[in-house]
Amino acid sequence: MFKPLHNYVLLERIEEENKTAGGIFIPDNAKEKPVQGCIIATGDGTIENGQKIPLSVKPGDKVLFAKWASSANEVKIEGKDYVLIKESDILGIL
């Protein structure tokens, strides 16, 4: 499996419902990309002033990440779609 380096996190997007509260189905081409994900793997953290700073998230955490994250890279690993993102673009743990 893929192992991110430093402060990068590999996550899988969590798809949202494809229908509204009123029961109307939303076609795929009208949906926005989800901004929630489940962490699959993490890097080991960063080194600042000679000290290792571990990441605040771990595999299995469900997170909310920035919609327009500058570090977000869509990647395909073993046929599955993932997002590779810096921990700093994660807004919080759900």
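These numbers were taken from a predicted model, which means no experiment stands behind them.

Colleague: Explain the overall build of the protein to me, please; I cannot follow it from the model alone.
Modeller: In terms of regular secondary structure, the protein is built from zero helices and eight strands. In sequence order, the secondary structure elements of the protein are arranged as β-β-β-β-β-β-β-β. Sorting the 94 residues of the protein into buried and exposed places 29% on the buried side. Taking as baseline every contact in the protein between residues at least 6 positions apart, the subset at least 24 positions apart corresponds to 64%. Put simply, the protein shows about 6500 Å² of open surface, and 52% of that area lies on carbon and sulfur atoms.

Colleague: Explanation requested: the confidence of the model for the protein in the structure shown.
Modeller: Regions with low pLDDT carry predicted coordinates that are not meant to be interpreted in detail. For the protein, the average pLDDT comes to 85, and 81% of its residues sit at 70 or higher. Least confident of the elements in the protein is strand β3 (residues 46–48), whose mean pLDDT is 87; most confident is strand β2 (residues 36–42), at 95.

Colleague: Can you help me understand the pattern of salt bridges in this one?
Modeller: Pairing between side chains of opposite charge can happen when their charged atoms approach one another. Taken as a whole, this structure holds five salt bridges when the rule is applied. The salt bridge partner of Asp-61 is Lys-58, with a shortest N-O separation of 3.0 Å. When its relative accessible area of 10% is taken as the criterion, Asp-61 is described as buried. As a salt-bridge pair, Lys-76 and Asp-81 come within 3.5 Å of each other at their nearest N and O atoms.

Colleague: Would you mind showing me how to read the nonpolar core here?
Modeller: As a rule of thumb, nonpolar side chains are buried together in soluble globular proteins. Residues Val-9, Leu-11, Ile-39, Leu-55, Val-57, Val-63, Phe-65, Ala-66, Ala-69, Val-83, Ile-85 and Ile-90 constitute the largest nonpolar core, which totals twelve residues. Only β1 (8–13), β5 (62–65) and β7 (80–86) provide two or more residues apiece to this core. Contact partners of Ala-69, with chain neighbours within four places excluded, come to Ile-85 and Asp-89. With five residues, the next largest nonpolar core counts Ala-41, Ile-77, Tyr-82 and Leu-84 among its residues.

Colleague: Would you mind going over unusual backbone geometry with me for this structure?
Modeller: Note: most residues except glycine have negative phi, and most peptide bonds are trans. With a phi angle near 50°, His-6 is a residue other than glycine that sits in the positive phi range. Summarising the element assignment, His-6 is placed in the segment before β1. Residue class for His-6 comes out exposed when judged on its relative accessible area of 53%. Although it is not a glycine, Asn-49 adopts a positive phi angle of roughly 50°. Mapped onto the fold, Asn-49 is located in the loop between β3 and β4 (51–53).

Parameters and conventions
Residues numbered from 1 in each chain as written. Predicted model: local features only at pLDDT ≥ 70, side-chain atom pairs only at ≥ 80, totals over all residues. Heavy atoms only, no water. Helix = DSSP H or I, 4+ residues; strand = E, 2+ residues; numbered from the N terminus. Buried < 20%, exposed > 50% of the residue type's maximum accessible area, 1.4 Å probe, protein only. Contact = heavy atoms within 4.5 Å. Areas by Shrake-Rupley, 256 points an atom, 1.4 Å probe, with all protein chains shown as cover. pLDDT = per-residue confidence, 0-100. Salt bridge = Lys/Arg side-chain N within 4 Å of Asp/Glu carboxyl O. Core = buried A, V, L, I, M, F, W, Y, C linked by side-chain atoms within 4.5 Å.

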